[in-house]
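Single-letter residue listing:
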Protein chains: 2
Amino acid sequence: MGTTQPETVPEPKYWHLKTVIGEALDSEFAVGEILPNERELAARFGVARATLRQALDQLELEGRLQRRRGVGTTVAPPRVGVDVSTSPNDWPGAGGDAWQAADCTLAVPPAAVARALDTEGDETVHIVRRLLVTHGRPVAAELLYVPAPSVPDLSAIDAPAGATRARAVLRELRRLTLDGQDRAVELGSARADDARELDRLPGAPVLVVTTRYFSGGRTAAASVATYRADTCRLTFGDAGDLEIRQPSRRRAC
Amino acid sequence: MGTTQPETVPEPKYWHLKTVIGEALDSEFAVGEILPNERELAARFGVARATLRQALDQLELEGRLQRRRGVGTTVAPPRVGVDVSTSPNDWPGAGGDAWQAADCTLAVPPAAVARALDTEGDETVHIVRRLLVTHGRPVAAELLYVPAPSVPDLSAIDAPAGATRARAVLRELRRLTLDGQDRAVELGSARADDARELDRLPGAPVLVVTTRYFSGGRTAAASVATYRADTCRLTFGDAGDLEIRQPSRRRAC
DNA sequence: GAGTGGTCTAGACCACCCT
DNA sequence: GGGTGGTCTAGACCACTCC
């Protein structure tokens, strides 16, 4: 007798599981609904818990699940679009951006940042920490590196550190004319401090957006912003409603 | 006696391992160099192979390692910058873009794409498949969806399918005036077909760039491009040399 | 055939959240 | 205290590459 499937390469179990569960999410679950726990799901599908977790890991990476230790696994809402397109002549903190300045310190930046800033390796810069919160959830943490020469009149300013000083640095920065900017997006994993602020575990996947700000032929500032890759989608130019994903799902009740 | 560390939360082993190996990569290995195999590394660090793999998984996610089944684990070169910033009035395939048109079919698009195109659910569209190769390596695969009304004069064209027809669709598309475009970037995992073209395993992390092209008040086309997240970095506006990463490493000999 | 990374198992213990 | 997800182990077998 002939074989119906000539040369089958067996599909990994976790991959098949991911497909099955993914389809179930679309048809049988509403956003926010809680799934059976991992031990039960594993038993139900007849696999080891580690294998089931491999499937859930993927679904979480795709932003379709949300897992919280001690609580459970829930169906994630669609990713929220975060507009990262700036008019090429906007400094950070200009106009109505939703970032919250959190802190400001003076320190030597990592070597890679120093290189981007064209500063010497041991030169201290202002480091402004900001947080982006939308819909009540933290979605991004940013470090903005500002060499002292970019904000020459800062010395007389009020606060020595903290949010007040952070806002002062941003305000001083806006006095420069911005000639242009540069941007790159890549995948990374959350460092411990970012993870804490983003309410995730260290190592969680993040989208890292690095930006250089040019003024007067120099790199006047640079920023490294880490966005939660599970819950958000970076949009450029008003693509906030763009949503290419699985079939539309039922809303939470 | 007092405890020197008041309330220590033990750092996971794999996290510590990742740090240790990451530092070793910077100081003791050159790009392209092959690491000891996983069983030996696990033994050397006194952990189970699964734990070691968790650390390597992270380093691979960050683009610092490259693993190939049957071959071994090598130190990855720095991510290659791929410029995805388009002049707002450029159609895909215009001017000197490096994409290779591979194929063209006529099919009903996924529901989410149909929604983005404002077409009815059962309407067939041209689907152009393209591949982006830089430095001899495939870095991205794209599906471009073009509703038939966007390329009205296509019917008389030569080839019924294949690369020739793909180029014909792109050529016809360029006859429209492009009013603007939209863009979003998010994290995804490679589908089986994309994975094959990108020389990765299914489920590998990818950066998904979705673009809508507007013309004459309509969405004239939409594309979904998947970029290898391990090997590339999306750049906007000439940030090709921007590289915020770990300390610079030695080059391959 | 030997060696590599990829998948899978069946357990164990831990950190965290809720009640 | 009971339940959840997160970490870890010590194995096993498989798919792939290269010699």
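Residues numbered from 1 in each chain as written. Chains lettered and ligands numbered in written order. Predicted model: local features only at pLDDT ≥ 70, side-chain atom pairs only at ≥ 80, totals over all residues. Heavy atoms only, no water.

An unreviewed UniProt entry lists chain A under the name GntR family transcriptional regulator, from Streptomyces tirandamycinicus.

For helix 3 (residues 49-61) of chain B, with 13 residues, the first-to-last C-alpha span of 18 Å sits near the 18 Å given by 1.5 Å per residue. Of the residues making up helix 3 of chain B, those classed as buried are Leu 52, Ala 55, Leu 56, Gln 58, Leu 59, Glu 60 and Leu 61 of chain B. Each element contacted by the buried residues of helix 3 of chain B is listed here: strand 7 (180-189) of chain A together with helix 1 (13-28), helix 2 (38-45), strand 1 (65-68) and strand 8 (205-215) of chain B. Gly 63 of chain B, located one to two residues past helix 3 of chain B, shows a positive phi value of around 80 degrees. (Helix = DSSP H or I, 4+ residues; strand = E, 2+ residues; numbered from the N terminus. Expected span 1.5 Å × (residues − 1). Buried < 20%, exposed > 50% of the residue type's maximum accessible area, 1.4 Å probe, protein only. Contact = heavy atoms within 4.5 Å.)

All right, on to the relation of the copies chain B and chain A then. Overlay of chain B on chain A (RMSD 0.0 Å): rotation 180 degrees, translation along the axis 0.0 Å. In the structure described here, the two chain copies are related by an operation that fits a two-fold rotation axis. Taking C-alpha positions as reference, the residue of chain B nearest the rotation axis is Leu 187 of chain B, located at 4.0 Å. An overlap of 100% is found between the interface residues of chain B and their copies at the interface of chain A, pointing to a shared contact surface. (Least-squares fit on C-alpha atoms with pLDDT ≥ 70 in both.)

Contacts between chain B and chain A engage 43 residues on the former and 43 residues on the latter. Counting across the chain B and chain A interface gives two salt bridges. As a salt-bridge pair, Arg 79 of chain A and Glu 186 of chain B come within 2.7 Å of each other at their nearest N and O atoms. Listing elements by their share of the side of chain B that touches chain A, those giving two or more residues are helix 1, helix 3, helix 4 (111-117), strand 7 (180-189), strand 8 and strand 10 (232-236) of chain B. The residue inventory of the side of chain B that touches chain A, partitioned by class, reads 21 nonpolar, nine polar and 13 charged. For strand 10 (residues 232-236) of chain A and strand 7 of chain B, the ladder comprises three bridges, and the chain directions are antiparallel. Considered in strand 7 of chain B, the bridge of Leu 234 of chain A is made with Val 185 of chain B. (Salt bridge = Lys/Arg side-chain N within 4 Å of Asp/Glu carboxyl O. Nonpolar A, V, L, I, M, F, W, Y, C, P; charged D, E, K, R; others polar. Pairing = 2+ DSSP bridges.)

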